[in-house]
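Spelled out from the first residue to the last, the chains are:
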Amino acid sequence: VELFDAVPQAPEDPLFGLMAAYRKDTHEKKVDLGIGAYRDNNAKPWVLPVVKKADKILRDDPDLNHEYLPIAGLPEFTLAAQKLILGPDSPAIKEGRATSLQTISGTGAVHLGGLFLSRFLPKPTPAIYLSNPTWANHNQIFTNIGMPIKSYPYFSAKTKMLDLDGLLSTLKAAPEKSIVLLHACAHNPTGVDPTQDQWKQIAEVCRERSLFPFFDCAYQGFASGDLATDNWAIRYFVEQGLELIIAQSFAKNFGLYGERAGAFHFVAAPGSKAQDVTKRVASQLAVLQRSEISNPPAYGARIASIVLNDKALFAEWEEDLRTMSGRIIEMRKSLKAELDKLDTPGNWDHITSQIGMFSFTGISEAQVLAIREKWHVYMTKNGRISMAGLNTSNVKYVAEALDDVVR
Ligand code: PLP
């Protein structure tokens, strides 16, 4: 029988489609500002020097084999990942109320989180609130799992800043036990993060309204260049005694994109039941993991683990993070300066006030298409640019292109 004759054609993934179009373009001045992957000043992928070192250590190990990892992953990796995300002195770790599993990078952690929520939340499954806008894959992942999706205002197109009032009033009106997905830092796609004071207000609403925080942390170390600063929000929410889950990616901060190293963390609220709850949750997560991937891939986690568990290598990694975040900050300044020089219409302060890998330029979809057609500058349709695609050789050209299409 032919069961699949009626399967409709799915649209191409917008981001990966954009990459393909860029690759096909033969113009010598073409610029890729689409994909969220770090590039060095020569527009080349950058293997972190500390990752090269760890790779050598790994390859020189005579006992290295290719056995399966445990279902929850490499223990020395997950424990180090947990300390990194919660802070080494986290009360949740000390009190034994955090449990962690290695996942297929951040995407796998978001997916496992969604699966866990939809499986164990009381039915009907409450909605998950996503920021408007958010990483496009969030919608897709939670839709596939069958979770109802709602959104909260996040970005004000007018001020190009956080729409705090919209965010808070929407969450205040959300039904109890709703899930709130929060970007821990370097919000994708807007590059706008809440301030510490704003985070406090968000945590307060979560507590007041019994909302459940789900942090997605894909850029720790990429926003400010400092690991602890970038994770302030997560640590604050944990200190406030909130129960929460976290998806953690090592794709960007280790440059391990294709190796799919990540982790999922559950943190129970403090109290006499906490350890017991954590144990039971861990057992169920293991069942979900087993049915999805059996056990996670080893290479990326081994690399990250070598670095995270060695003081000297850890310090070198922090240096590499400052190299990446520092170059991005420099590019923000250069782009802004070039636009100022050209007296480009509009206010471009957001280029330097936004943080992390992305900026929301605020240009329209028509302008995005025009800049691609005429100038061979590639960005996503919502006007998001990856700052890592800029370098000292192309920043002036990109400023000229932006200037041209907004006039
Ligand atoms: N979450 C956000 C907000 C992201 O931007 C990304 C990557 O772009 C991810 C999660 C997951 O990435 P990966 O699966 O490569 O770790």
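For clarity, every value in this text was computed on a predicted model and none was experimentally measured.

(A) Spatial organisation of the UniProt feature "domain: Aminotransferase class I/classII large" (unreviewed entry) in the protein chain. Using the residue numbers shown here, the UniProt feature "domain: Aminotransferase class I/classII large" (unreviewed entry) corresponds to residues 29–402. Helix and strand shares over residues 29–402 are 47% and 15% respectively, and the end C-alpha atoms of the span are 14 Å apart.

(B) Inspection of unusual backbone geometry at higher detail. Here the residue pair K123 and P124 is connected by a cis peptide bond, since its omega of -10 degrees sits within 30 degrees of zero. The topology assignment puts P124 in the loop between α5 (105–120) and β3 (128–132). Omega for the peptide link from N188 to P189 comes to 15 degrees, which places this bond in the cis form. Structurally, the position occupied by P189 is in the loop between β7 (179–183) and α8 (196–208). Positive phi values are uncommon outside glycine, yet D343 reaches one of about 55 degrees.

(C) Structural view of the nonpolar core. Ranked by size, the top nonpolar core spans 110 residues in total, and within it Y129, V180, I234, A304 and V398 carry the most contacts. Looking at this core, the element that brings in the most residues is helix α13 (residues 311–342), giving 7 residues. Those residues in contact with I234 that sit more than four places away from it in its chain are I85, L86, A184, F215, C217 and I246.

(D) Highlighting α13. For α13, which comprises 32 residues, the first-to-last C-alpha distance of 47 Å matches the rise-based estimate of 46 Å (1.5 Å per residue) to within 8%. The complete set of buried residues in α13 reads W317, D320, L321, M324, S325, R327, I328, M331, R332, L335, E338 and L339. Looking at the buried positions of α13, the neighbouring elements they touch are α2 (49–60), α12 (299–308), α14 (349–353) and α16 (395–406).

Rules and cut-offs
Residues numbered from 1 in each chain as written. Predicted model: local features only at pLDDT ≥ 70, side-chain atom pairs only at ≥ 80, totals over all residues. UniProt positions renumbered as here; feature names shortened; annotations may be inferred. Helix = DSSP H or I, 4+ residues; strand = E, 2+ residues; numbered from the N terminus. Core = buried A, V, L, I, M, F, W, Y, C linked by C-beta atoms within 7 Å. Buried ≥ 20, exposed ≤ 12 C-beta atoms within 10 Å, placed from the backbone. Contact = placed C-beta atoms within 7 Å. Expected span 1.5 Å × (residues − 1).

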